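Descriptive analysis of the structure
Letter by letter, the chains look like this.
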Amino acid sequence: TKETKLLQEEEVEQLKQCLPKTNFLGSKLELVNYQGFWCQSNAFKQIFHYQTHFQARNSDIFLASLPKTVTTWLKSLLFCIVNRPNNVDNHHHQQPLIKFSPLLNHNPHELVYHLDLGVYGDNPILPRPNQLNDLPSPRLLHTHFPYQSLPESIKDSSCKILYIARNPLDTCVSQWFWHTTLIKKRTKDEDFQPPTIEEFFEEFCLGKFPYGPYFEHVIEFWKQSLEQPNKVLFLKYEDLKGDNAMLHLKKLAEFLGLPFSFEEESNGVINEIMEFCSIDNLKELEVNKIGFMNKFVEKKNFFRKGEVGDWTNYFTPPMIDKINTLMEQKLGGSGLSF
Ligand code: A3P
């Protein structure tokens, strides 16, 4: 009823009041620390609602990531793999991807739905939470939550989770560009002084950014991928960009239970998907050049350089030393390295 809803909202507000807070990069954008990760204070209600109410299906496919770890790319790859002509019985059968893909007129974020701040954040171009039940299987969904805070039904069901990790240095640079472009718009604060890369880096190392800290997020999904290899697949951006990219894409398709057939392989389907989803192709599509994803974020903001090693243009030797030491402390002995 309306009254219970109001009561619940009041309790959520009270819970939020008790959480540690920080002003992100000294701006008016407040972050609260919930269960060890930082989230936007003004979206806490939605985040809590998602965590407590979302119901996973066994057939769901989740993409999990930290912000700016090339989620956009993985969304397009995932969509193409699941919806490729050989998998779906449609009249486009045997036609090249380039001619019919919904990615030609939809941004990848409109096809693989971000739950926490998208669906539950009332993004008007995504389904409402009560429409999630009506979506056909497999649902392609995305979350930035750390593993331990995921809705219980995601952890308990036999859904699949693809985790995309990107080395911390490039993630830091990409986040720096993203936040310095968007904070002024978000806070409507003309006086906000954007941080230098050095200043941003310090906050990044402290984990003070939405969904941070970085290492705790990455390591938990890494551990889960070792403990539950049928449930969690851990992918690295650097691998997907490297010489063995095809091999990793094949692994992804196999993990989803949708392996590429011999015929598809010899017809060059894997290559076609890779080329179609490349940043050079996607960023030139009209749909990714114009329009907004939400009030502040333009679709084009999701496509910048998409390179491995852009950090070499920004990091000073002391910054490199510091991140290497952190990496050693946090990842040492885990079998994971960047
Ligand atoms: P850079 O800022 O380093 O260029 P997210 O998708 O998680 O928001 O991350 C954004 C980053 O992914 C940006 O990195 C962006 O350029 C890159 N990116 C977006 N689409 C891509 C694609 N199709 N291929 C490779 N990188 C892509």
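Scroll up a little and you will see the structure.
Residues numbered from 1 in each chain as written. Predicted model: local features only at pLDDT ≥ 70, side-chain atom pairs only at ≥ 80, totals over all residues. Heavy atoms only, no water.

**Details of the sheet that holds strand E5 (residues 113-114)**
- Strand order in the open sheet formed by five strands is E5-E6-E4-E7-E8, and the pairing between neighbours is parallel. Lying at the two open borders of the sheet, with one neighbouring strand each, are E5 and strand E8 (232-236).
- As judged from the two bridges shared by E5 and strand E6 (residues 140-143), these two strands associate in the parallel manner. The residue bridging tyrosine 113 from the neighbouring strand is leucine 141, located in E6.
- In the packing of helix H11 (residues 245-255) onto the sheet, contacts are made with strand E7 (160-165) and E8, and the angle to E8 comes to roughly 165°. (Pairing = 2+ DSSP bridges. Helix = DSSP H or I, 4+ residues; strand = E, 2+ residues; numbered from the N terminus. Contact = heavy atoms within 4.5 Å. Axes fitted to C-alpha atoms, helices over the stretch in contact; angles between N-to-C directions.)

**With respect to the packing of aromatic side chains**
- By the definition in use, this model includes 25 aromatic pairs.
- Here tryptophan 178 and phenylalanine 302 contribute two aromatic rings whose centre-to-centre distance is 5.2 Å and whose plane-to-plane angle is 45°, an arrangement assigned as tilted. With tryptophan 178 in helix H7 (residues 168-187) and phenylalanine 302 in the loop between helix H15 (286-289) and helix H16 (317-331), the pair connects residues that are 124 residues apart, well separated along the chain.
- Aromatic rings pair up to connect Tyr34, Phe37, Phe44, Phe48, Tyr50, Phe54, Phe62, Tyr120, Phe145 and Tyr211 into one cluster. (Phe/Tyr/Trp six-rings, centres within 6.5 Å; stacked < 30°, edge-to-face > 60°.)

**A word on the state of the cysteines**
- Going through the model one piece at a time under the given rule, you end up with zero disulfides.
- We note that cysteine 39 lacks a disulfide partner, and the nearest cysteine sulfur, in cysteine 18, lies 14 Å from it.
- Among the residues examined, cysteine 39 registers a relative accessible area of 1% and is labelled buried. (Disulfide = S-S within 2.5 Å. Buried < 20%, exposed > 50% of the residue type's maximum accessible area, 1.4 Å probe, protein only.)

**What to know about the pairing of E8**
- Of all five residues making up E8, five are buried, and the element is well covered by its neighbours.
- Burial of E8 is two-sided: the residues Val232, Phe234 and Lys236 facing one way and the residues Leu233 and Leu235 facing the other way are all buried.
- Two strands pair when backbone bridges link them, and E7 and E8 are joined in this way by five bridges, in the parallel orientation. By the bridge assignment for E8, leucine 162 is matched with leucine 233.

**Re the nonpolar core**
- Counting 63 residues, the largest nonpolar core has Phe54, Phe62, Leu115, Ile154, Ile161 and Phe221 as the members making the most contacts within it.
- Here this core gets six residues from one element, more than from any other, and that element is helix H9 (residues 214-227).
- Dropping the residues within four chain positions of it, phenylalanine 54 is found in contact with His49, Asp60, Phe62, Leu115, Tyr120, Leu132, Arg139, Leu141, Pro151, Ser153 and Ile154.
- Counting residues in hydrophobic clusters, the runner-up holds 34 residues, among them Leu111, Leu233, Phe255 and Val269. (Core = buried A, V, L, I, M, F, W, Y, C linked by side-chain atoms within 4.5 Å.)

**Side note on the sheet that holds strand E3 (residues 37-40)**
- Taken together, the three strands give an open sheet; going across it, the order is E1-E2-E3, and neighbouring strands pair in antiparallel fashion. Each of the sheet's edge strands pairs with one partner strand only, and the pair in question is strand E1 (21-23) and E3. For this sheet the average axis-to-axis angle between neighbouring strands, irrespective of direction, equals 35°.
- Across the face of the sheet, helix H2 (residues 44-53) comes into contact with strand E2 (30-34) and E3 while running at roughly 30° to E2.

**Digging into H11**
- Buried within H11 are the following residues: Ala245, His248, Leu249, Leu252, Ala253 and Phe255. The buried residues of H11 occupy one face: seen down the axis, they fall within an arc of 165°.
- Note on H11: the residue one or two positions beyond its end, glycine 257, has a positive phi of about 80°. (Arc of directions from axis to C-beta.)

**Things to note about the packing of helix H3 (residues 71-82) against helix H13 (residues 269-276)**
- Where H3 meets H13, the axes come as close as 10 Å, and the angle between the chain directions of the two elements is 145°. Crossing handedness for the pair H3 and H13: right-handed. Of the residues in H13, those in contact with Trp73, Leu77, Cys80 and Ile81 of H3 are Ile273, Met274 and Phe276.
- Across the contact of H3 with H13, the residue classes break down as seven nonpolar, no polar and no charged. (Left-handed = near helix turned anticlockwise from the far one by under 90°. Nonpolar A, V, L, I, M, F, W, Y, C, P; charged D, E, K, R; others polar.)

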